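Close look at the chain arrangement
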Amino acid sequence: MIRMNDVTVVYDNGIRAVNKASLRVDEGEFVFLVGASGSGKSTLMRGLLGLKTPSTGTITFNDLKPTEIGYLPQQTIVQRDFPASVREIVQSGCINRCGLRPFYNKAEKKLAADMMKKLEISDLANRCYRELSGGQQQRVLLARALCAAKKMILLDEPVTGLDPKASAEMYELIESLNKKDGMTVIMVSHDMNAAVKYASHILHLGGKQLFFGTKNDYMNSKIGRAFISAMGGEEYV
Ligand code: ADP
Ligand code: MG
């Protein structure tokens, strides 16, 4: 579905956020994007979405348009305070389907309602987003991403900051989307236990690309063993 070849992304301030990263994603895969803070994970996602143009390298899509990808961005304190209702936020995931039409049609409203049902947040539809718990907020953003997603979702740290129960529930949801619905998933996470459990492939960034390949190859590699152990997943090493 996606081929990324030697992609480098440089910001206007001269920071080289991604340095020669390559990646291949095929249908049904579950790719974990790992690496220290500042290693370019979020920037690489923005590159895949077409929100940031690579300085060099190529990204090609096969059987997939960037508008068929759902995106759950990394959260900031400001976004957590967003003063809109749950329904409004979930429906906004349909914006790419609207084209130039300035309102949501029946089918889009139904899609948003279906996604709220799927993520068990229908009863929150009229609530204000900023009054919700962290776990509820992430479900709302996942429902929003699913309104946009036809084949693939990109999730940037969807469980960071959640308590263990909410985090486990998010992982179960994401796993079911991948396994049952056949959704291709690319996810940023610092949780190496989850990576070991769920990933089919792992991309490890750090200054340059440190690894890309299957989870099993990663777990047998020097870099993989060291990182899993350093991040608290030592029971697998
Ligand atoms: P990660 O998601 O792995 O923490 P980021 O992709 O957010 O990493 O950031 C990679 C590098 O790019 C960091 O050095 C960061 O400071 C820098 N960076 C991120 N966003 C911007 C931006 N909008 N403008 C300039 N530099 C940025
Ligand atoms: Mg990030």
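Above this text you will find the structure in question.
Residues numbered from 1 in each chain as written. Chains lettered and ligands numbered in written order. Predicted model: local features only at pLDDT ≥ 70, side-chain atom pairs only at ≥ 80, totals over all residues. Heavy atoms only, no water.

What follows deals with helix H7 (residues 164-179). Compared with an ideal rise of 1.5 Å per residue, which puts 16 residues at 22 Å, H7 spans 22 Å between its outermost C-alpha atoms and is within 8% of the ideal. Every buried residue belonging to H7 is among Ala166, Ser167, Met170, Tyr171, Leu173, Ile174, Leu177 and Asn178, and all of these are buried. The buried residues of H7 occupy one face: seen down the axis, they fall within an arc of 160°. Residues of H7 that are exposed and point over 90 degrees away from its buried face: Pro164, Lys165, Glu172 and Lys179. The distance from a side-chain oxygen at the start of H7 to the backbone nitrogen of lysine 165 is 3.1 Å, and the residue carrying that oxygen is aspartate 163. (Helix = DSSP H or I, 4+ residues; strand = E, 2+ residues; numbered from the N terminus. Expected span 1.5 Å × (residues − 1). Buried < 20%, exposed > 50% of the residue type's maximum accessible area, 1.4 Å probe, protein only. Arc of directions from axis to C-beta. Polar contact = N/O pair within 3.5 Å; in protein donor to acceptor, adjacent residues only side chain to side chain.)

Moving on to the sheet that holds strand E6 (residues 152-156). Sheet strands pair by backbone hydrogen bonding; their relative direction is either parallel or antiparallel. One open sheet holds the 6 strands; their spatial order is E5-E6-E7-E3-E8-E9, and the pairing between them is mixed. What marks the edges here is a single partner per strand, and that holds for strand E5 (69-72) and strand E9 (208-214). Put simply, the sheet's adjacent strands are angled 15° from each other on average, direction ignored. Contacting strand E3 (30-34), E5, E6 and strand E7 (184-188), H7 runs over the sheet at an angle of about 150° to E7. (Pairing = 2+ DSSP bridges. Axes fitted to C-alpha atoms, helices over the stretch in contact; angles between N-to-C directions. Contact = heavy atoms within 4.5 Å.)

A separate point is the packing of helix H5 (residues 106-118) against helix H6 (residues 134-148). Where H5 meets H6, the axes come as close as 9 Å, and the angle between the chain directions of the two elements is 135°. Judged by the inter-axis angle, H5 sits oblique to H6. At the point where H5 passes H6, the crossing takes the right-handed sense. Together, Leu111, Ala112 and Met115 of H5 and Ala143, Leu146 and Cys147 of H6 make up the contact between the two elements. A class-by-class count of the residues in the contact of H5 with H6 yields 6 nonpolar, no polar and no charged. (Parallel < 35°, antiparallel > 145°, perpendicular 65-115°, else oblique. Left-handed = near helix turned anticlockwise from the far one by under 90°. Nonpolar A, V, L, I, M, F, W, Y, C, P; charged D, E, K, R; others polar.)

Turning to unusual backbone geometry, a few remarks are in order. For aspartate 6, which is not a glycine, the phi torsion comes out positive at approximately 50°. With respect to the helices, strands and loops of the structure, aspartate 6 is situated in strand E1 (residues 2-10). Of the residues examined, aspartate 6 reaches a relative accessible area of 42% and is grouped as partly exposed.

Side chains that differ in sign of charge can pair as their charged atoms come close. For the structure shown, the criterion picks out 6 salt bridges. Residue lysine 110 is joined to aspartate 114 by a salt bridge in which the shortest nitrogen-to-oxygen separation is 2.9 Å. Of this pair, lysine 110 and aspartate 114 both sit in helix H5, 4 residues apart, roughly one helical turn. Sharing partners across several salt bridges, the network here consists of Arg3, Arg24 and Asp26. (Salt bridge = Lys/Arg side-chain N within 4 Å of Asp/Glu carboxyl O.)

Before going further, it helps to spend a moment on the sheet that holds strand E2 (residues 16-25). A sheet is described by the order of its strands in space; here 3 strands give the open sequence E2-E1-E4, paired in antiparallel fashion. At either end of the open sheet lies a strand with only one pairing partner, and these are E2 and strand E4 (56-61). Averaged over all pairs of adjacent strands, the angle between strand axes in this sheet comes to 15°, irrespective of strand direction. As defined by bridge partners, E1 adjoins E4 across 5 bridges and the pair is classed as antiparallel. From the neighbouring strand, arginine 3 faces E4, where its bridge partner is threonine 60.

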